[in-house]
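An overview of the molecular structure
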Amino acid sequence: MTVRVRFPPSPTGYLHVGTGRTVLYNWLFARHHGGVMVFRVDDTDAERSTDEYLQDIIEGLRWLGIDWDEGIIVGGPAGEYRQSGRLARYREVARQLVDSGWAYYDFTTPEQLEALRAEAAAAGQSPVYDGRFRLPAEEAEARVAAGEKAPIRFAVPRPGETVFTDAIRGELRFDHANVDDFVLLRSDGTPTYHLASAVDDVDFAITHIIRGEDLLPSTPKHLLIAEAMGAPAAVYAHLSLLTGPDGAKLSKRHGATSLRSYRDEGILAEAMRNYLAILGWSPGTDEEIVSLETMVDRFDLGAVSKNPAVFDLTKLEWMNGVYIRSLDPIEFASRALPFIEQALGRALEPAEGEAFGTIAPLVQERARRLTEVGAQVRFLFAEVEMDPVSWEAVMKGPEAGVALAGARITLEALGTWDKAGIEAALRRLLEDHGLSARKGLQPIRVAVTGSTVSPPLFESLEVLGRERTLDRLRAAEGRLAEGSGLQ
RNA sequence: GGCCCUGUCGUCUAGUGGCCUAGGACGCCGGCCUCUCAAGCCGGUAACGCCGGUUCGAAUCCGGUCGGGGCUGCCA
């Protein structure tokens, strides 16, 4: 039997990193087993579902490099993969379950339900509706025929229990005393998540349902619906949740949770994918950097962790740095370009693009996120924005003036303006004045880039060009003179 | 409150009765390298929640306890 998994997002928000991890695991499982990945849309919540969110989810998947074999866009045997387009089917199943006695029209009022819950809470019992007000079938039918609106509830067998083996957690049992007669079809005729999701899983012949642990308490309901439909039970696997540093389910209050925001903040798709894969799954070796091929090759639900995992931004950034450094230099430059233009607020001129291409490899070694690149090369494309702290740190001593003036004079006279020439000239300068590289070069760096932190100096000057370098050295000398009260 | 999941370094994890005086990775600390910052290299810090039991032997098995999390809607 071929493995069939599914990804059923409900488009009520941007693609969440936790959801991203869930899809990844489904995808890895499918690819590992040569199975089929189905992409359906759980949009039964018409109020909150939007097309914009669906687009974001699709883009997020593509960004991660996850594809699907059946479902929206690509189509498939089921034809319709949006739940909003399958409403008639859900009503049909609900009706069939009523006819077969697995479900019933319910006339309990919200007040009655509330009273029951309060009563149960007071008695220390499970607050579940056990169908005690269920009417005889004929009576219920008569009221429905008379035009009365009523939801359809599932008649959970009592006493009873649902037992299943979770692929990650082992055998799990749920006493039906704690499972209530849940609503299948709302009184307005729309299906609840439980009905729509379970029917789709049956209709699309899903064999493995890999989802978040938050759905664990709902599993008996889904298994019961499948049973009532006369369908074989799928294998369930519940993934632990992703949490923030405080241990609570990852949410907005922990910071960015959408995959999109990480992409926008300079995280590489391959790094995010690798990090998410390792967050809760171990390839079985000490490796942390794992190729996609290896993931597919080794993925196994039995090796997925049962514990919740804290989403550790620091480790993601480290991994992103590893991936950035492993990029082909040309590839790095082209991926970084949009971030530079974003930081600059304008597109780069052709000549500037060339300049960046020259210095890019040096920045590549230093960045953990693509967004850092802009700050590092800004001095090449804009006027110097002097960092006061940097200035204070290096312009204090008597060496500063000497280094600045000396550099200006020697570089002005320099023959060929290239890295080798610049380095030779400046090293000679240092020697002549008995300055250490550290003491002598920092003032020049700050004068030219505006900061104590920059790409290597000689290359930076080469790319900056003689005129701008000299201008900036003069400007710094002027500023130094003012600051020293010499003027 | 009820039901359920879960518990190895700060974090992610390896570990399925002896190979564990518990391994790796991130972080952190120190050193080397060095024109700054990174990167790289070397070294260090740090954990089996607790209490019982089973066993010649327990991180690994059992019970309890404490802690963390999830669910508890005619949301998904």
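Residues numbered from 1 in each chain as written. Chains lettered and ligands numbered in written order. Predicted model: local features only at pLDDT ≥ 70, side-chain atom pairs only at ≥ 80, totals over all residues. Heavy atoms only, no water.

**Description of the pairing of strand β7 (residues 170-175)**
Relative to β7, strand β6 (residues 161-166) runs antiparallel, the two sharing 6 bridges. Within β7, the residue paired with E161 across the bridge is D175. Connecting the antiparallel pair β6 and β7 is a turn made up of 3 residues. (Pairing = 2+ DSSP bridges. Helix = DSSP H or I, 4+ residues; strand = E, 2+ residues; numbered from the N terminus.)

**Looking at the nonpolar core**
Among the nonpolar cores identified, the biggest contains 119 residues, and F39, M272, F311, F356, L411 and I444 are the most heavily contacted of them. Setting aside residues no more than four positions away along its own chain, M272 makes contact with V17, W63, L64, L259, Y262, I267, F311 and L316. (Core = buried A, V, L, I, M, F, W, Y, C linked by side-chain atoms within 4.5 Å. Buried < 20%, exposed > 50% of the residue type's maximum accessible area, 1.4 Å probe, protein only. Contact = heavy atoms within 4.5 Å.)

**A closer look at the environment of R479**
As for its position among the elements, R479 is in helix α20 (residues 466-483). Given a relative accessible area of 39%, R479 falls into the partly exposed group. Separated by 378 residues in sequence, R479 and G101 place their C-alpha atoms 89 Å apart. Those residues in contact with R479, other than ones at most four positions away along the chain, are M386 and W391.

**Points about the sheet that holds strand β4 (residues 103-105)**
Note on sheets: strands pair through backbone hydrogen bonds, and any given pair is parallel or antiparallel. Strand order in the open sheet made by the 3 strands is β4-β5-β8, with antiparallel pairing throughout. Of all strands in the sheet, those bounded by a partner on one side alone are β4 and β8 (183-185). Pairwise comparison of adjacent strand axes, ignoring direction, gives a mean angle of 40° for this sheet. Here 3 bridges tie β4 to strand β5 (residues 152-154), and the two strands are oriented antiparallel to one another. Residue A103 lies in a different strand from β5, and its bridge partner there is F154. (Axes fitted to C-alpha atoms, helices over the stretch in contact; angles between N-to-C directions.)

These values are about where atoms sit, not about what they do.
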